[in-house]
Amino acid sequence: MFEIPQITEGIYYVGVNDRAKAKFENVWPLYKGVSYNSYLIVDEKVVLIDTVDVCYSDIFFYKIDLILKGRPIDYLVVDHMEPDHSGSIGLLKQKYPDIKIIGNKKTFNMLNGYHGITENLVEVEEGMSIKIGKRELSFIMAPMVHWPEVMFTYEQHDKVLFSADAFGTFGALDGHILDKDMDIDKYWYEMERYYACIVGKFGPFVQKVFKKLQDNPIEIDYVCSTHGPVWTKAHFSEAMAVYDRLSKYEAYEGACIIFGSMYGHTEILADTIAQAIAKKGIKNVVVHSLTSSDPSDILRDVFRYKAIVLGAPTYCNNLFSPMEHIIHLIELREVKNRYLSLFGSCTWAIQSIKKMTALTEKLAWEKIGEPVEMKMAPTPEVLNKAAELGEQIAQKLIEDRK
Ligand SMILES: Cc1cc2nc3c(=O)[nH]c(=O)nc-3n(C[C@H](O)[C@H](O)[C@H](O)COP(=O)(O)O)c2cc1C
Ligand SMILES: [Fe+2]
Ligand SMILES: [Fe+2]
């Protein structure tokens, strides 16, 4: 029999899967789709937590209708105004004109801007609570855990934390909703890619809200994020550990070599450096071509590994532009505490190394070794220099084990 899944009795999962969108935010490829999670609490009052992307409003409202059978929704809680969650609010308001919308001051400014809604608003602040029957909702502000208006909503009776984008991941929900029922392993890569691309810049804010939760502990049995699995005690600590590591910019031992190459010569240096690092016993060595790797996968590995190695040709007296772009994406995310090594190529006058040096200055990463320069094709001397650079990188990583 068809049923709408429940997280606990009376808290329904009314989210949707998006397997049609090629790229999230029209930038980040969705290899296995994404879910927009929304939850309907049926108590003395009916409360909807967030909505879904407007493209999926039909199936979203259909699910809600099946549960409510004409009963109105009393409240919508808006934890996050980004349109992947707020997109259906305009239609929701048309369908339920008397619905009260719960949010904070910053939410309401955006609600007006996106949907022209200015009435029936219930403004909440940190720590305030609203009784909805046997359940009570309280609110934890989480500014910049993606956008300024983000807040978490806590439901005390069933111990459910609705955490907006926090603990979210790419990847549709293929049948299962709860982490404990599924093979969760397929989500870890996508969680790191989601974090690096979407939340990456806001590490200090993620840490701030973690500290708030630590200082004012609440009992949590379910963490309902807006994307991906609902976390239970089975795997929440692992999800938390991923978000904690990434938001502290902590790295694993390993090297991420990112290169651009038009005709393959610079790639030979990338491989030479990679082999030298590997030969010294470093297990995690990844090499990304800027042409074939997607920036989202590259960012994932920049967040993951300690030693970052950048190499690119000179192009029109400047830097091969895909390298400029990836440095910009890394810099935007203010990735901290990495090692940096460079290599570059040219045919007549080298510019790429100078440009990469200038572009990475703000990151203030510790430089390892001298940049390796190559004119045209590799010579034994250049290859030796590249191998030496790899050895120095490996040496530094090995010293860090102590
Ligand atoms: C469109 C284009 C522009 C280039 N501009 C320069 C340049 O301004 N200065 C220079 O020394 N080499 C220039 N080169 C040569 C490349 O830097 C050289 O081919 C490259 O470093 C070789 O590495 P690869 O085989 O990995 O592409 C240019 C090459 C191309 C195709
Ligand atoms: Fe978001
Ligand atoms: Fe989102």
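Residues numbered from 1 in each chain as written. Chains lettered and ligands numbered in written order. Predicted model: local features only at pLDDT ≥ 70, side-chain atom pairs only at ≥ 80, totals over all residues. Heavy atoms only, no water.

Per an unreviewed UniProt entry, the protein goes by FprA family A-type flavoprotein and derives from Falsiporphyromonas endometrii. As its UniProt record puts it under Sequence similarities (unreviewed entry), the protein is described as follows: "In the N-terminal section; belongs to the zinc metallo-hydrolase group 3 family." (UniProt positions renumbered as here; feature names shortened; annotations may be inferred.)

Draft legend 1. Local environment of the sheet that holds strand β15 (residues 160-162). Pairing within the open sheet is mixed, and its five strands lie in the order β12-β13-β14-β15-β16. Edge positions in the sheet fall to β12 (129-131) and β16 (222-224), since each has one partner strand and no second. Taking each pair of neighbouring strands and ignoring which way they run, the sheet shows an average axis angle of 20°. Bridging between strand β13 (residues 136-141) and strand β14 (residues 151-155) involves five bridges; their strand directions are antiparallel. (Pairing = 2+ DSSP bridges. Helix = DSSP H or I, 4+ residues; strand = E, 2+ residues; numbered from the N terminus. Axes fitted to C-alpha atoms, helices over the stretch in contact; angles between N-to-C directions.)

Draft legend 2. Layout of the coordination of the iron ion (ligand 3). Taken together, the protein ligands of the iron ion (ligand 3) are D84 (OD), H85 (NE2), D165 (OD) and H227 (NE2), with distances of 2.1 to 2.4 Å. Of note is the iron ion (ligand 3), whose four donor atoms meet at the metal with angles of 83 to 170° in an arrangement that counts as irregular. Spacing between the donor residues of the iron ion (ligand 3) along their common chain follows D-H-x79-D-x61-H. The distance between the iron ion (ligand 3) and the iron ion (ligand 2) is 3.4 Å, with D165 acting as a donor to both metals. (Donors = N, O, S within 2.8 Å, 3.2 Å for Na, K, Ca; no water. Tetrahedral: all angles 85-135°; square planar, octahedral: opposite > 155°, others 65-115°.)

Draft legend 3. Spatial organisation of the coordination of the iron ion (ligand 2). In the first shell of the iron ion (ligand 2), the protein supplies H80 (NE2), E82 (OE), H146 (ND1) and D165 (OD), at 1.9 to 2.2 Å from the metal. Geometry at the iron ion (ligand 2) is irregular, judged from the four donor atoms that bind it and their angles of 85 to 159° at the metal.

Draft legend 4. Summary view of a nonpolar patch on the surface. Nonpolar side chains collect at one region of the surface, where F2, I59, Y62 and L66 lie side by side and expose about 410 Å² of accessible area between them. When you line up the elements, F2 lands in the segment before β1 (6-8). Relative accessible area serves as the criterion here: at 60%, F2 is assigned to the exposed category. (Patch = residues over 30% accessible without salt bridge, like charges linked within 9 Å, V, L, I, M, F, W, Y side chains within 5 Å. Areas by Shrake-Rupley, 256 points an atom, 1.4 Å probe, with all protein chains shown as cover. Salt bridge = Lys/Arg side-chain N within 4 Å of Asp/Glu carboxyl O. Buried < 20%, exposed > 50% of the residue type's maximum accessible area, 1.4 Å probe, protein only.)

Draft legend 5. Region of interest: the nonpolar core. Ranked by internal contacts, the top residues of the largest apolar core, which has 116 residues, are I7, L40, I64, I73, I258 and M323. It is helix α5 (residues 186-199) that provides the largest number of residues to this core, a total of nine residues. Residue-level mapping places this core at the junction of two domains, with at least three residues from each of domain 1 (6-247) and domain 2 (255-395). Beyond its immediate chain neighbours, meaning those up to four positions away, L40 contacts G10, I11, Y12, V14, V46, V47, L48, I64, I67, L68 and I73. Ranked by size, the runner-up nonpolar core spans 22 residues in total, among them I257, Y339, F343 and L389. (Core = buried A, V, L, I, M, F, W, Y, C linked by side-chain atoms within 4.5 Å. Domains from an automatic or database assignment. Contact = heavy atoms within 4.5 Å.)

Draft legend 6. Representation of the packing of aromatic side chains. One pass over the structure, following the stated rule, counts 15 aromatic pairs. Here the aromatic rings of F167 and Y243 are separated by 5.4 Å at their centres, their planes lie at 55°, and the arrangement is tilted. Remark: Y243 occurs in helix α7 (residues 236-247) and F167 occurs in the loop between β15 and α5; sequence separation between them is 76 residues. Of the residues examined, F167 reaches a relative accessible area of 1% and is grouped as buried. Here the aromatic cluster, defined as three or more aromatic residues joined through ring pairs, consists of F167, Y195, F210, F236, Y243, Y249 and F303. One cation-aromatic arrangement involves K306 over Y339; the distance from NZ or CZ to the ring centre is 4.9 Å. (Phe/Tyr/Trp six-rings, centres within 6.5 Å; stacked < 30°, edge-to-face > 60°. Lys NZ or Arg CZ within 6 Å of the ring centre and 35° of its normal.)

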